[in-house]
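Listed below are the residues making up each chain.
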Amino acid sequence: PENSVILDTRSWEDFAQGHLPGSLYAPVNNYFPSVVGSYVQPEQAIYLVAEPGGVKDAVANLVRIGLDKVEGYITSEMVKVYGSGGEKLESTHSISIEEMEKDVTRNWTLLDVRHQSEYDEEHYPGAVNIAYANLPHQLEWLPKNRPIMVICRTSNRSAAATAYLQKQGYKATHIAGGYQSWQLQA
């Protein structure tokens, strides 16, 4: 429905493989309040993709941050049924930093969604920094005409940011393992 949002609380693997079009990736973890609080407006109706045992926890977390328009939920099994019934599920591409570095065309923008202080401490050469929570207010700084590679420290914030960018019409790819995996290579 118009003016609604789907929050998918499943694992990254399940989400990336196939999710309802326009869904946001929002597992109920430490980042849930800041991700949802940054990407969802109070007037939006919220639909969850969650297992029955996780709905209560997700709703409680939403209410704590002032988002109480939860209209319903479906399970991961229902998402699979939807996809197998001929309806189109979206997927989210995820690559390693090694795969990104092999792309010699460099016809993409690398977006580091960590906080400014983390970025200032050390970052991948040429990366643009917009903290994941600030994306809704700084989208105009990102090019729509070229792919965006999204990275953070480990993969949590970049996964949520990649899904958000996809929802906004960007061709976004998630960097699996994040900045930490690049540091381990060095």
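### What about the packing of helix 2 (residues 32-39) against helix 3 (residues 52-64)?
Logical step 1: Their axes nearest at 10 Å, the elements helix 2 and helix 3 cross at an angle of 60°. On the basis of their axis angle, the class for helix 2 and helix 3 is oblique. Taken as a pair, helix 2 and helix 3 cross one another with a handedness that is right-handed. Where helix 2 abuts helix 3, its residues Phe 32, Pro 33 and Val 36 lie against Ala 58, Asn 61 and Leu 62.
Logical step 2: Considered class by class, the residues forming the contact of helix 2 with helix 3 number 5 nonpolar, 1 polar and no charged.

### Considering the nonpolar core
Logical step 1: With 32 residues, the main nonpolar core has Leu 7, Tyr 39, Leu 135, Leu 142 and Leu 165 as its most contacted residues.
Logical step 2: Listing elements by their share of this core, those giving two or more residues are strand 1 (4-8), helix 2, strand 3 (45-49), helix 3, strand 8 (148-151) and helix 8 (156-167).
Logical step 3: Of all hydrophobic cores here, the second largest spans 12 residues; its members include Met 100, Tyr 124, Met 149 and Ile 151.

### Side note on a negative patch on the surface
Logical step 1: A cluster of acidic side chains, namely Glu 13, Asp 14, Glu 51 and Glu 77, defines a negative patch on the protein surface.
Logical step 2: Inspection of the secondary structure puts Glu 51 in the loop between strand 3 and helix 3.
Logical step 3: By relative accessible area, which is 39% here, Glu 51 ends up partly exposed.

### Comments concerning helix 3
Logical step 1: Among all positions of helix 3, only Val 55, Ala 58, Asn 61 and Leu 62 are buried. Looking straight down helix 3, one finds its buried side chains confined to an arc of 140°; they lie on one side. Of the exposed residues in helix 3, the ones pointing more than 90 degrees away from its buried face are Gly 53, Lys 56 and Arg 64.
Logical step 2: Once helix 3 finishes, Gly 66 follows within two positions and takes phi at roughly 85°, a positive value.

### What to know about the sheet that holds strand 1
Logical step 1: Here 4 strands make up an open sheet; going across it, the order is 2-1-3-4 and the pairing parallel. Two strands bound the open sheet, and with one partner strand each, they are strand 2 (24-25) and strand 4 (70-74).

### Considerations on the environment of Ala 161
Logical step 1: Residue position: Ala 161 is located in helix 8.
Logical step 2: A sequence separation of 26 residues divides Ala 161 from Leu 135, and the C-alpha atoms of the two residues are 7.7 Å apart.
Logical step 3: Beyond its immediate chain neighbours, meaning those up to four positions away, Ala 161 contacts Tyr 39, Val 113, Tyr 132, Leu 135 and Val 150.

### Notes on the sheet that holds strand 8
Logical step 1: Within the open sheet, the 5 strands sit side by side as 5-9-8-6-7. Their pairing is parallel. Either end of the sheet is taken by a strand with one partner, and the two such strands are strand 5 (94-96) and strand 7 (128-129).
Logical step 2: Where strand 5 meets strand 9 (residues 172-176), 3 bridges bridge the pair, whose relative direction is parallel. Across the sheet, residue Ile 95 finds its bridge partner in strand 9, namely Ile 175.
Logical step 3: Along the sheet face, helix 8 touches strand 6 (109-112), strand 8 and strand 9 and points at about 170° away from the line of strand 9.

Conventions we followed
Residues numbered from 1 in each chain as written. Predicted model: local features only at pLDDT ≥ 70, side-chain atom pairs only at ≥ 80, totals over all residues. Heavy atoms only, no water. Axes fitted to C-alpha atoms, helices over the stretch in contact; angles between N-to-C directions. Helix = DSSP H or I, 4+ residues; strand = E, 2+ residues; numbered from the N terminus. Parallel < 35°, antiparallel > 145°, perpendicular 65-115°, else oblique. Left-handed = near helix turned anticlockwise from the far one by under 90°. Contact = heavy atoms within 4.5 Å. Nonpolar A, V, L, I, M, F, W, Y, C, P; charged D, E, K, R; others polar. Core = buried A, V, L, I, M, F, W, Y, C linked by side-chain atoms within 4.5 Å. Buried < 20%, exposed > 50% of the residue type's maximum accessible area, 1.4 Å probe, protein only. Patch = residues over 30% accessible without salt bridge, like charges linked within 9 Å, V, L, I, M, F, W, Y side chains within 5 Å. Areas by Shrake-Rupley, 256 points an atom, 1.4 Å probe, with all protein chains shown as cover. Salt bridge = Lys/Arg side-chain N within 4 Å of Asp/Glu carboxyl O. Lys, Arg positive; Asp, Glu negative; His and termini not counted. Charge placed at Lys NZ, Arg CZ, Asp CG, Glu CD. Arc of directions from axis to C-beta. Pairing = 2+ DSSP bridges.

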